[in-house]
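Spelled out, the chains give:
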Amino acid sequence: MGSHSSHTFPEQLPVPTTPAGRDGLAALLADPGRAVVALDFDGTIAPIVPDPDSARAHPEAVPVLSRLAPLLRAVVIVTGRPAGTAARYGGFAGAPGLERLVVLGAYGAERWDAATGETRTPPPHPGVEAVRAELPGLLEKAGAPQGVRTEDKGRALAVHTRRAADPQGAFELLREPLAELAGRHGLAVEPGRLVLELRPPGMDKGMALSEFLRETGAASVLYGGDDLGDLAAYDAVDRLRGEGVPGVLLCSGSDEVTALAERADLVVDGPAGVVGLLGALADALGA
């Protein structure tokens, strides 16, 4: 793909810093009916909070997505959370304009469709059961400090160190013992922002996103994320760009993960920045 960076963009939209990003945004604006906007949940449209169970979408997220979604081929949320949980915490069910919204949860292993309100879930991986049973004993043995907590995601287990007195120290302390436990039961460890997630291998956001874009026949894509688990989706967009499908890599910026910001075409300031950008996109397309 030749880069033609002579695009002019509506003034309310930030201009991507890379030629590939500018091509991606131009393609989305030129043919929104064949464009997909794909977004991570936590840290991207929902602010990161100490207790993951109290995470909720940014108050403007649903109103903005309700304006944007009808103008696009599809809007999809791609998250490590169970699909139904993300749909609930996002407040997506029954929102006008979001009748076709899809949530791909558990890194794409689960799917929630707003059209039916139903979640499709495959059978659980046997390793998750075994790890669930052994995890409390392992954390005790490893000397996990106070404030470390486990989140049961059904198809995965996450150990959060954000509430420990020394969050990064606790993260480093547990990294190895958790990797050993996961390995013994055929699971993989996915590190994130002060969280170590033990989950079945083979499913990642990149595979989930690629499959969804194929299914919807997307001609362009914007993917927004904030954490290491989103790098697989970035890789998928890069691959598609190589095949002639334009794309934009959006980073919900934080001072916790810089690996994404370094690769993004656009960096905005956290979920408020993401919502602002989506609103500007809706304005530009609706004009």
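Quick look at the structure, then. Please read these numbers as outputs of a predicted model, since none were measured by experiment. (Residues numbered from 1 in each chain as written. Predicted model: local features only at pLDDT ≥ 70, side-chain atom pairs only at ≥ 80, totals over all residues. Heavy atoms only, no water.)

Quick word on the sheet that holds strand β3 (residues 102-105)
Part 1 of the argument: Taken together, 8 strands build an open sheet; the order of strands is β5-β4-β3-β2-β1-β10-β11-β12 and the sheet is mixed. The sheet is open, and its two borders are formed by β5 (118-120) and β12 (266-269), each paired with just one other strand. Neighbour-to-neighbour, the strand axes of the sheet open up by a mean angle of 20°, direction not taken into account.
Part 2 of the argument: Where β3 meets strand β4 (residues 110-113), 4 bridges bridge the pair, whose relative direction is antiparallel. (Pairing = 2+ DSSP bridges. Helix = DSSP H or I, 4+ residues; strand = E, 2+ residues; numbered from the N terminus. Axes fitted to C-alpha atoms, helices over the stretch in contact; angles between N-to-C directions.)

Topic: the pairing of β4
Part 1 of the argument: Burial along β4 is two-sided: the face carrying E110 and W112 and the face carrying R111 and D113 are both buried.
Part 2 of the argument: Hairpin remark: β3 followed by β4, antiparallel, with 4 residues in the connecting loop; positive phi at A106, about 50°.
Part 3 of the argument: Pairing between β4 and β5: 3 bridges, direction antiparallel. Each residue of the ladder has a partner; that of R111, found in β5, is R120.
Part 4 of the argument: Between β4 and the antiparallel strand that follows it, β5, lie 4 residues; G117 among them carries a positive phi value of about 75°. (Buried < 20%, exposed > 50% of the residue type's maximum accessible area, 1.4 Å probe, protein only.)

Re the side chain of D230
Part 1 of the argument: Within the element layout of this structure, D230 appears in the loop between β10 (220-225) and α7 (231-242).
Part 2 of the argument: With relative accessibility at 0%, the residue D230 sits in the buried group.
Part 3 of the argument: Leave out the neighbours within four places in its chain, and D230 touches D40, K205, Y223, G225 and L260. (Contact = heavy atoms within 4.5 Å.)

A closer look at the pairing of strand β11 (residues 247-253)
The side chains of a regular strand alternate between the sheet's two faces.
Part 1 of the argument: Most of β11 is tucked away, with 7 of its 7 residues classed as buried.
Part 2 of the argument: Of the two faces of β11, the one carrying G247, L249, C251 and G253 and the one carrying V248, L250 and S252 are both buried.
Part 3 of the argument: Where β10 lies against β11, 5 bridges are found, and the strand directions are parallel. The residue of β11 that forms the bridge with L222 is V248.

Remarks on the sheet that holds strand β6 (residues 149-152)
Part 1 of the argument: Judged by pairing direction, the sheet is antiparallel, and its 4 strands sit side by side in the order β6-β7-β9-β8 without closing on themselves. Only two strands of the sheet have a single partner each, and these edge strands are β6 and β8 (188-192). The sheet shows a mean angle of 20° between the axes of neighbouring strands, taken without regard to direction.
Part 2 of the argument: The pairing of β8 with strand β9 (residues 195-199) spans 5 bridges and is classified as antiparallel. Within the sheet, the bridge partner assigned to V189 lies in β9 and is L198.
Part 3 of the argument: Its contacts with the sheet put helix α4 (residues 126-141) on β6, β7 (157-160) and β9, and the angle it makes with β7 is roughly 20°.

Remarks on the pattern of salt bridges
Part 1 of the argument: Using the criterion set out here, one finds 22 salt bridges in the structure.
Part 2 of the argument: As a salt-bridge pair, D42 and R81 come within 2.7 Å of each other at their nearest N and O atoms. Of this pair, D42 sits in the loop between β1 (35-39) and α2 (61-68) while R81 is found in the loop between β2 (74-78) and α3 (83-90), placing the two residues 39 residues apart along the sequence.
Part 3 of the argument: For R81, a relative accessible area of 3% corresponds to the buried category. (Salt bridge = Lys/Arg side-chain N within 4 Å of Asp/Glu carboxyl O.)

Here's the deal with the packing of α4 against helix α5 (residues 167-184)
Part 1 of the argument: Between α4 and α5, the shortest axis-to-axis distance is 11 Å and the interhelical angle comes to 155°. When the axis of α4 is compared with that of α5, the two are roughly antiparallel. Here α4 runs over α5; the crossing is right-handed. Across the interface between the two elements, V131, E134, L135, L138 and L139 of α4 pack against L174, P177, L178, L181 and R184 of α5.
Part 2 of the argument: Of the residues that constitute the contact of α4 with α5, the class distribution is 8 nonpolar, no polar and 2 charged. (Parallel < 35°, antiparallel > 145°, perpendicular 65-115°, else oblique. Left-handed = near helix turned anticlockwise from the far one by under 90°. Nonpolar A, V, L, I, M, F, W, Y, C, P; charged D, E, K, R; others polar.)

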